[in-house]
Amino acid sequence: MPDLAKTLKDAAYVVVGFGVLTVQKAQVRRRELEKQLESQTEQIKGQVEQSVEQLRAQTAGVREQLTKVAEDLEERAKPVVESLETRLDLLEERLPEQARDAMKTARAAARDAQQQLRARLADSPKAAGAHKAA
C-alpha cells in the first residue's frame, strides 16, 4: 500500500505540475496576443489618421473649387441681378403699399440668404482648419 499512496501522490504532483505549466503557457500566449493586438491597433490607428488627412485634403480641394465656382457664378450673375434690382425698384414703386412691403421683405430675405451663403463659403476653410487642430 505505501507504494500505491506514493504513486498516487506522485501522479497528483504531476497533474498539478502539468496544470501549472498549462496556466503559464496560457499566460504567455495571452501576453503575446496582447502585444500583437496592440501592434495591429497602432497600425490601424495610423491608417485611419492617414485616411482622415487624405479626406481633409480632398475636402479642402473640393471646397476651394466650389468657392471658385460660386465666385465665378456670382460675378457672371452680377449684371443680371443689378438689372433685375433696377426693374424691381421700378415695379415696387407701382405696387400698392401692402404688396410693396411684401416685396421689400422678400428682397431683404434674399439678400440675407446670399450673405449667409457667402459667409459659409468664406468660413469653410477656416472650419476645416479648426477641425484639423482639434
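From a predicted model like this one, the values you see are computed outputs, not experimental measurements. (Residues numbered from 1 in each chain as written. Predicted model: local features only at pLDDT ≥ 70, side-chain atom pairs only at ≥ 80, totals over all residues. Heavy atoms only, no water.)

Participant: What is the right way to look at the overall build of the protein chain in this model?
Facilitator: Scanning the protein chain from terminus to terminus reveals two helices and zero strands. For 134 residues, the compact-globule formula gives about 14 Å, and the C-alpha radius of gyration of the protein chain, at 38 Å, lies well above that figure. Its C-alpha atoms put the protein chain at 125 × 35 × 20 Å along the principal axes. Counting only residues that meet the buried cut, the protein chain has 3% of its 134 residues in that class. A total accessible area of about 11700 Å² is found for the protein chain, and carbon and sulfur atoms account for 60% of it. (Helix = DSSP H or I, 4+ residues; strand = E, 2+ residues; numbered from the N terminus. Rg over C-alpha atoms; globule rule 2.2 N^0.38 Å. Buried < 20%, exposed > 50% of the residue type's maximum accessible area, 1.4 Å probe, protein only. Areas by Shrake-Rupley, 256 points an atom, 1.4 Å probe, with all protein chains shown as cover.)

Participant: Looking at this structure, how should I read the layout of surface pockets?
Facilitator: The rolling of a water-molecule-sized probe over the atoms marks out the regions of remaining empty space. Each pocket or cavity is described by its volume, and for the largest pocket that value is around 300 Å³. Val81, Glu82, Glu85, Arg111 and Gln114 are the residues nearest the centre of the largest pocket, which is lined by 13 residues in total. Elements represented by at least two residues in the lining of the largest pocket include exactly helix H1 (2-94) and helix H2 (97-133). At eight residues, H1 tops the list of elements feeding residues into the lining of the largest pocket. Tallied by class, residues from the lining of the largest pocket come to five nonpolar, one polar and seven charged. Taken together, Thr67, Ala70, Glu71, Glu74, Gln114, Leu117, Arg118, Leu121 and Ala122 make up the lining of the second largest pocket. Of all the secondary-structure elements, those providing two or more residues to the lining of the second largest pocket are H1 and H2. Examining the composition of the lining of the second largest pocket, we find that five residues originate from one element, H2, more than from any other. (1 Å grid on protein atoms, 1.4 Å probe; cavity = no way out; pocket = protein on both sides within 12 Å on 5 of 7 lines; lining within 4 Å. Points joined across faces, edges and corners; volume = space filled by probe spheres on them. Nonpolar A, V, L, I, M, F, W, Y, C, P; charged D, E, K, R; others polar.)

Participant: I'm lost on the confidence of the model for the protein chain in this one. Help?
Facilitator: The predicted coordinates of low-pLDDT regions are not to be read in fine detail. The predicted model of the protein chain averages 86 in pLDDT, with 90% of residues at 70 or higher. Under a pLDDT of 50 for its full length, residues 127-134 has, in the predicted model, four contacts with residues more than four places off or in other chains. (pLDDT = per-residue confidence, 0-100. Contact = heavy atoms within 4.5 Å.)

Participant: Whenever I open this one, the pattern of salt bridges confuses me. Can you help?
Facilitator: It is possible for side chains of opposite charge to pair when their charged atoms get near one another. For the structure shown, the criterion picks out nine salt bridges. Put simply, Asp10 and Lys6 hold a salt bridge, and the shortest N to O gap is 3.7 Å. One end of the pair, Asp10, and the other, Lys6, are both in helix H1, four residues apart, so they sit about a helical turn from each other. Residue Lys6 is classed as exposed on the basis of its relative accessible area of 53%. When the shortest N-O distance is used, the salt bridge between Glu64 and Lys68 registers 3.9 Å. Here Glu64 and its partner Lys68 are both found in helix H1, four residues apart, which amounts to about one turn of the helix. (Salt bridge = Lys/Arg side-chain N within 4 Å of Asp/Glu carboxyl O.)

Participant: Would you mind going over a nonpolar patch on the surface with me for this structure?
Facilitator: Together, Val14, Phe18 and Leu21 line one region of the surface with nonpolar side chains, adding up to about 310 Å² of accessible area. You can call Phe18 exposed: its relative accessible area is 54%. (Patch = residues over 30% accessible without salt bridge, like charges linked within 9 Å, V, L, I, M, F, W, Y side chains within 5 Å.)

Participant: Honestly, the side chain of Arg107 in this entry has me stumped. Any pointers?
Facilitator: Locating Arg107 in the fold gives a position in helix H2. Within polar-contact distance, the side chain of Arg107 engages the side chain of Asp89 at 2.8 Å. Once residues lying within four places of it in the same chain are set aside, the contact partners of Arg107 are Glu85, Leu88, Asp89 and Glu92. (Polar contact = N/O pair within 3.5 Å; in protein donor to acceptor, adjacent residues only side chain to side chain.)

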